[in-house]
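The residues making up each chain are set out below.
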Amino acid sequence: MLLHRARRGVVEVFIAHPGGPFWARKDAGAWSIPKGEYTDEDPWPAAQREFCEEIGVPVPDGPRIDLGQVKQPGGKVVTVFAVGCELDIAEVCSNTFELEWPKGSGTWQEFPEVDRVGWFPVAQARAKLLMGQREFLDRLMADPSVTGLDEGS
């Protein structure tokens, strides 16, 4: 779910940094659009459910844009919806996962699925996002309704 808003004429998007030791020291090219996996179900309710699980809050109300699908470099097909809205990042509370860390140690640790989130101007988000998800920024910015979100803030 790619949340977006406009601030002083600049479109910003809400993206998430994955938690866990593999991503801990990575920033550029490591962030992601909040999303999850689904099977044979309607993609919109699945996207809402997965966003809530990953971010800890429901998808805020707002105009929705279907940004379609993109096949990631690893072969996974990702479907993304954009929603024009506000979300206070202080409300975010990610779920967690367990991982044997260090690998082979026999010690299991719990890590947040998302360790930080933020609102970023699209140009900055492009540098932060995984390469395979950057196409969704282009699709978002190509939609004429996106520039109409500025509420004068």
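Residues numbered from 1 in each chain as written. Predicted model: local features only at pLDDT ≥ 70, side-chain atom pairs only at ≥ 80, totals over all residues. Heavy atoms only, no water.

The name given to the protein chain in an unreviewed UniProt entry is Putative NTP pyrophosphohydrolase, with the source organism recorded as Mycobacterium basiliense.

Enquirer: Provide a residue-level description of the UniProt feature "domain: Nudix hydrolase" (unreviewed entry) in the protein chain, including the pertinent values.
Expert: Mapped onto the present numbering, the UniProt feature "domain: Nudix hydrolase" (unreviewed entry) falls on residues 1-142. Annotation note: span residues 1-142, helix share 20%, strand share 35%, distance between end C-alpha atoms 17 Å. (UniProt positions renumbered as here; feature names shortened; annotations may be inferred. Helix = DSSP H or I, 4+ residues; strand = E, 2+ residues; numbered from the N terminus.)

Enquirer: Now, about the packing of aromatic side chains: what can you tell me, with residues and values included?
Expert: Taken as a whole and judged by the stated rule, the model has six aromatic pairs. The interplanar angle of 85 degrees and the centroid separation of 4.9 Å between the aromatic rings of Phe-22 and Trp-23 together place this pair among those described as edge-to-face. Ring geometry for Trp-44 versus Phe-81: centroids 5.1 Å apart, planes at 75 degrees, classification edge-to-face. With Trp-44 in helix H1 (residues 43-55) and Phe-81 in strand S4 (residues 77-84), this residue pair connects regions lying 37 residues apart in the sequence. One aromatic cluster is present, formed by Phe-14, Phe-51 and Trp-119 through successive ring pairs. Seen from the ring of Phe-22, Lys-26 lies directly overhead, with NZ or CZ sitting 3.4 Å from the centre. Sitting over the ring of Trp-44, Arg-64 keeps its end group 4.2 Å from the ring centre. (Phe/Tyr/Trp six-rings, centres within 6.5 Å; stacked < 30°, edge-to-face > 60°. Lys NZ or Arg CZ within 6 Å of the ring centre and 35° of its normal.)

Enquirer: Go over the sheet that holds strand S3 (residues 64-71) with me, naming the residues and quoting the values.
Expert: Two strands in a sheet stick together by hydrogen bonds in their backbones, pointing the same way (parallel) or opposite ways (antiparallel). Here five strands make up an open sheet; going across it, the order is S3-S4-S1-S2-S7 and the pairing mixed. In this open sheet, the two strands that pair with only one neighbour each are S3 and strand S7 (114-121). Ignoring strand direction, the axes of neighbouring strands in this sheet form an average angle of 25 degrees. Bridging between strand S1 (residues 2-7) and strand S2 (residues 10-18) involves four bridges; their strand directions are antiparallel. Bridge pairing links Arg-5 to Glu-12 in S2. Most of the contacts of H1 go to S4, to which it runs at about 80 degrees, and overall it touches S1, S2, S3, S4 and S7. (Pairing = 2+ DSSP bridges. Axes fitted to C-alpha atoms, helices over the stretch in contact; angles between N-to-C directions. Contact = heavy atoms within 4.5 Å.)

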